[in-house]
Amino acid sequence: MTASTHSLRHTFSRLDPRLVPVVMAINEQRALRLVAALCLAIYAVLLQGGLLASLTVCLLVIVGYAVLQSIFSILEARILPRTWLSVFITALDLALLAWQMGNDPLASLPTATLSVLVLGLAALRWPLKAQAVTFTLILTIAILSTVWRTQTHLQYSWTSVATIGLASIILMSLVTVMTQLARQHFNTSLSAPGIDASTGLFNRPTLYAAAELLMPLMHRQQQPLTLLYIVIEPTGLAPGREPSLALQNDLCREFAEIARKRLRGSDILVRYSPLEFVFLLLDCPSKQADPIAHYLQESFHASRVHQQSPATAHIGATWLPSEPMALDQLLYQLDEAMARARQSRIGVSGAIYTDPEQGRMGHQLSDR
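Being a predicted model, the structure only gives us computed values, none of them experimental.

### Here we look at the packing of aromatic side chains
Reasoning step 1: For the structure on display, the rule yields seven aromatic pairs.
Reasoning step 2: Seen in terms of ring centroids, Phe-72 and Phe-88 are 6.1 Å apart; in terms of plane orientation they differ by 25°. Their pairing is stacked. Here Phe-88 lies in helix H3 (residues 83–103) and Phe-72 lies in helix H2 (residues 55–79), a separation of 16 residues in the sequence.
Reasoning step 3: Residue Phe-72 is classed as buried on the basis of its relative accessible area of 18%.
Reasoning step 4: You can call Phe-88 partly exposed: its relative accessible area is 47%.
Reasoning step 5: Positioned above the aromatic ring of Tyr-272 is the side chain of Arg-204, whose terminal nitrogen or guanidinium carbon lies 3.7 Å from the ring centre.

Next up, the structure:
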């Protein structure tokens, strides 16, 4: 979606990918890698090094891996997940696997089980296609390491190697299946009505579920339903700078608290996008929406006046028309009406109304 000072015409839908939580368990991944590094270090100490290097070199490799992964993890937590960063992290995991399989002092290759952890960690950050690539790379590393070791250094106990290899492949397949099931469950849960974690208001699927049930009911009973569409616009940022995720959440939490104090428990308050809200005011005539909009704006502006990050709230309003109209069409009319009003330098105190009946004919702003 474009910035709120531009035309806000965009496609409305049931989900907003910007509000989808990123489930990567960054801290847990770091903990798993550090535990694995500690186990490998103990393994190297007990066997006094490995096939390729002395104990000191082995420990330096493992400690270097742990330090680099910790740095990448802290960086990822600060700047949010990035594809290039995930490439470095997974590549480092694969490099450790290749080193350990080549350096394993035992002919039975117990460090081959490290491949299960590498694939599991990759599954937390990559989609299915990338997981398949990682799976292939792990198998390639395992085969090349085994072939190289048989030709250059050790006589193998093939029974042990085959047993460990087969067990690792079965476990990696299980990790892949469980990852897909977890991802399917997560995708299904995104479209379910619920609560926005940052504001405590309803999420976007709740709005669509409520509209599907309530709008036909309000039509049949001829009861008024007013819809408010609020866009929060940070005004203290440098030109061209986008608000951070933390700032967006802070602004929305503040506005949500103000809305809760003013609106009724029967009203449906929804965080529609990172800086937008949609409120369904049940049994509320449209003429009563303007005092509500004034209160929300003035309270929000007053609370931000002494803050280092000032912001303003643009509010649009419409009502349920006599003829059925889809929720997305009402939102689209409000969206365009607000954009035109700001571009035309119309005052933003109170609600900017759009008549849904006139909207059918391409007329956006009403005379209210």
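### What about the sheet that holds strand S1 (residues 225–234)?
Two orientations exist for strands paired in a sheet by backbone hydrogen bonds: parallel and antiparallel.
Reasoning step 1: Across the sheet, which stays open at both edges, the five strands sit in the order S2-S3-S1-S4-S5 with mixed pairing between neighbours. Because the sheet does not close on itself, it has two edges, and the strands there are strand S2 (268–273) and strand S5 (351–353). Ignoring which end each strand starts from, the neighbouring axes of this sheet average 25° apart.
Reasoning step 2: Alignment of S1 against strand S4 (residues 311–319), held across nine bridges, turns out to be antiparallel. For Ile-232, the partnering residue across the bridge sits in S4 and is Ala-313.
Reasoning step 3: Its contacts with the sheet place helix H7 (residues 204–221) against S1, S2 and strand S3 (276–282), and it is angled at close to 135° to S2.
Reasoning step 4: Strands in contact with helix H9 (residues 289–304) are S1, S3, S4 and S5; relative to S4, the strand with the most contacts, it is inclined by about 170°.

### Thoughts on the confidence of the model for the chain
Reasoning step 1: Model confidence for the chain is summarised by a mean pLDDT of 83, while 89% of its residues fall at 70 or above.
Reasoning step 2: The low-confidence segment residues 1–9 (pLDDT under 50) makes 25 contacts with residues lying over four places distant or belonging to another chain.
Reasoning step 3: A low-confidence stretch, residues 361–368 (pLDDT under 50), is modelled with 22 contacts involving residues beyond four sequence positions or located in other chains.

### Remarks on the packing of helix H4 (residues 114–123) against helix H5 (residues 128–152)
Reasoning step 1: Running from N to C, H4 and H5 point in directions that differ by 165°, and their axes come no closer than 10 Å. Regarding the angle of H4 to H5, the classification is roughly antiparallel. Where H4 crosses over H5, the two elements pack in a sense that is right-handed. Packed against H4, whose contacting residues are Ser-115, Val-118, Leu-119, Ala-122 and Ala-123, the element H5 presents Gln-131, Thr-134, Phe-135 and Ile-138 at the interface.
Reasoning step 2: A per-class count over the contact of H4 with H5 returns six nonpolar, three polar and no charged.

Rules used throughout
Residues numbered from 1 in each chain as written. Predicted model: local features only at pLDDT ≥ 70, side-chain atom pairs only at ≥ 80, totals over all residues. Heavy atoms only, no water. Phe/Tyr/Trp six-rings, centres within 6.5 Å; stacked < 30°, edge-to-face > 60°. Helix = DSSP H or I, 4+ residues; strand = E, 2+ residues; numbered from the N terminus. Buried < 20%, exposed > 50% of the residue type's maximum accessible area, 1.4 Å probe, protein only. Lys NZ or Arg CZ within 6 Å of the ring centre and 35° of its normal. Pairing = 2+ DSSP bridges. Axes fitted to C-alpha atoms, helices over the stretch in contact; angles between N-to-C directions. Contact = heavy atoms within 4.5 Å. pLDDT = per-residue confidence, 0-100. Parallel < 35°, antiparallel > 145°, perpendicular 65-115°, else oblique. Left-handed = near helix turned anticlockwise from the far one by under 90°. Nonpolar A, V, L, I, M, F, W, Y, C, P; charged D, E, K, R; others polar.

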